[in-house]
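Tertiary structure, described
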Amino acid sequence: MEPVFEDSDNLHFRKLSGSPSKKAAGAGLAITFAKKIAELAGTPDLKVGLVPFAVEAPVVGMLWYQGESDSVDEVRAAAYGDRLGQFVNGVREGVTSDLPIVLCAITGNEDRVPYKNQVRKHQFEAENIHENLRVFDTAGMELQDDGLHLTGNALIQLGADLARCAMDFEPIKSQLN
């Protein structure tokens, strides 16, 4: 495990009013993603800039992992596909119409995300609706004890997996080579 991820399963907890458990855990996949992109580009010293949102910076692709809060409510889960489509179109209007997007299909225990399968269905359908959008399935990845968030080891693996997925997009490949 990389030092930055030591004890990342307990990196931080904070109260969230909209969370079923009133807690959210935080850890990230950015370091592993960036290192794997550099490796796959054949340039180990490549500087990969990752920002939570880009302001006046070139955007070559987007990673999106969201949907758990929508899967706790039947109405929100049913509307997820339409809202996801509006989001994708809105982002692309502001950047470029063919922006590569890697969308993570959510996971979690049924007691935490009871309408998970509805949201996942919409996420997988998005791949057939939007060009240059790929879905990466996180099902089966190791979860923390809260039954919702990925463990630090799972995030490390996810970072590498998403880098491989992102490198399947020609616009990303061409920017890095």
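Remember, it's a predicted structure, so these values are computed and weren't measured experimentally.

1. A look at the overall build of the chain
- Along its length, the chain carries five helices and five strands.
- Mapped from its N terminus to its C terminus, the chain presents α and β elements in the order β-β-α-β-α-β-α-β-α-α.
- In the chain, which comprises 177 residues, the share counted as buried stands at 40%.
- A sequence separation of at least 24 residues applies to 66% of the contacts in the chain between residues at least 6 apart.

2. Overview of the pairing of strand E5 (residues 133–137)
- Judged from the five bridges that link them, strand E4 (residues 101–105) and E5 form a sheet pairing that is parallel. Pairing of Ala 105 across the sheet is with Asp 137, part of E5.
- Taken together, E4, helix H3 (residues 116–129) and E5 form a β-α-β motif whose crossover is right-handed.

3. Concerning the confidence of the model for the chain
- Across the chain, the average pLDDT comes to 83, with 81% of residues at or above 70.
- Low pLDDT (under 50) marks residues 1–25, which in the prediction has 44 contacts with non-local residues, meaning those over four places away or in another chain.

4. A closer look at the sheet that holds E4
- Overall, parallel pairing links the three strands, which are arranged E3-E4-E5 in an open sheet. Two strands lie at the open edges of the sheet, namely strand E3 (62–64) and E5, each paired on one side alone. On average, each strand axis in the sheet is inclined to that of its neighbour by 20°, with strand direction left out of account.
- Note: E3 against E4, three bridges, orientation parallel. Bridging from a neighbouring strand, Leu 63 pairs with Val 102 of E4.

5. With respect to the side chain of Asp 70
- Tracing the chain through its elements places Asp 70 in the loop between E3 and helix H2 (74–94).
- Within polar-contact distance, the side chain of Asp 70 engages the side chain of Arg 76 at 3.5 Å.
- Setting aside anything within four residues of it in sequence, one finds Asp 70 in contact with Arg 76, Ala 77, Tyr 80, Arg 83 and Val 119.

6. Structural notes on the environment of Arg 83
- Locating Arg 83 in the fold gives a position in helix H2.
- For Arg 83, a relative accessible area of 36% translates into the label partly exposed.
- C-alpha separation for the pair Arg 83 and His 122, spaced 39 residues apart in sequence, amounts to 9.9 Å.
- From its side chain, Arg 83 meets the backbone oxygen of Arg 76 in a polar contact 3.2 Å long.

7. What to know about the pattern of salt bridges
- Scanning the entire structure with this criterion turns up seven salt bridges.
- In this structure, Lys 36 and Glu 39 form a salt bridge, with 3.0 Å as the shortest nitrogen-oxygen distance. Linking Lys 36 with Glu 39, this pair stays in helix H1 (residues 30–40), spanning three residues, or about one helical turn.
- Where Lys 116 meets Glu 110, a salt bridge forms, and the shortest distance between an N and an O atom there is 3.3 Å.
- By relative accessible area, Lys 116 is classed as buried at 12%.
- For Glu 110, a relative accessible area of 42% puts it in the partly exposed group.

Thresholds, definitions, all that
Residue indices follow the written sequence of each chain, beginning from 1 at its first position. Local features in a predicted model are, by the rule used here, given only for residues with pLDDT of at least 70; side-chain atom pairs are given and counted only at 80 or more, and totals for whole chains, interfaces and linings are based on all residues. Only heavy atoms go into the side-chain values, all of them from the structure, while hydrogens and water stay out. A run of H or I in DSSP becomes a helix once it reaches four residues, and a run of E becomes a strand once it reaches two; helices and strands are each numbered from the N terminus. Accessible area is worked out with a 1.4 Å probe on protein chains only. A residue is then buried under 20% of its type maximum, exposed over 50%, and partly exposed in between. Contacts are assigned to residue pairs that have any heavy atoms within 4.5 Å of one another. Strand pairing is assigned whenever DSSP detects at least two bridges linking the two strands. Seen with its strands pointing away from the viewer, a crossover is right-handed when the path leading from the first strand over the helix to the second is clockwise. As a per-residue measure, pLDDT tells how confident the predictor is, with possible values from 0 to 100. The axes are straight lines fitted to the C-alpha atoms, using for helices just the contacting stretch, and the angles between their N-to-C directions are given from 0 to 180°. Within 3.5 Å is the distance limit for a polar contact, defined as a pair of N or O atoms, with the added protein rule that one can donate a hydrogen and the other accept it, and that residues adjacent in sequence qualify only through two side-chain atoms. By definition, a salt bridge exists where a carboxyl oxygen of Asp or Glu is found within 4 Å of a side-chain nitrogen of Lys or Arg.

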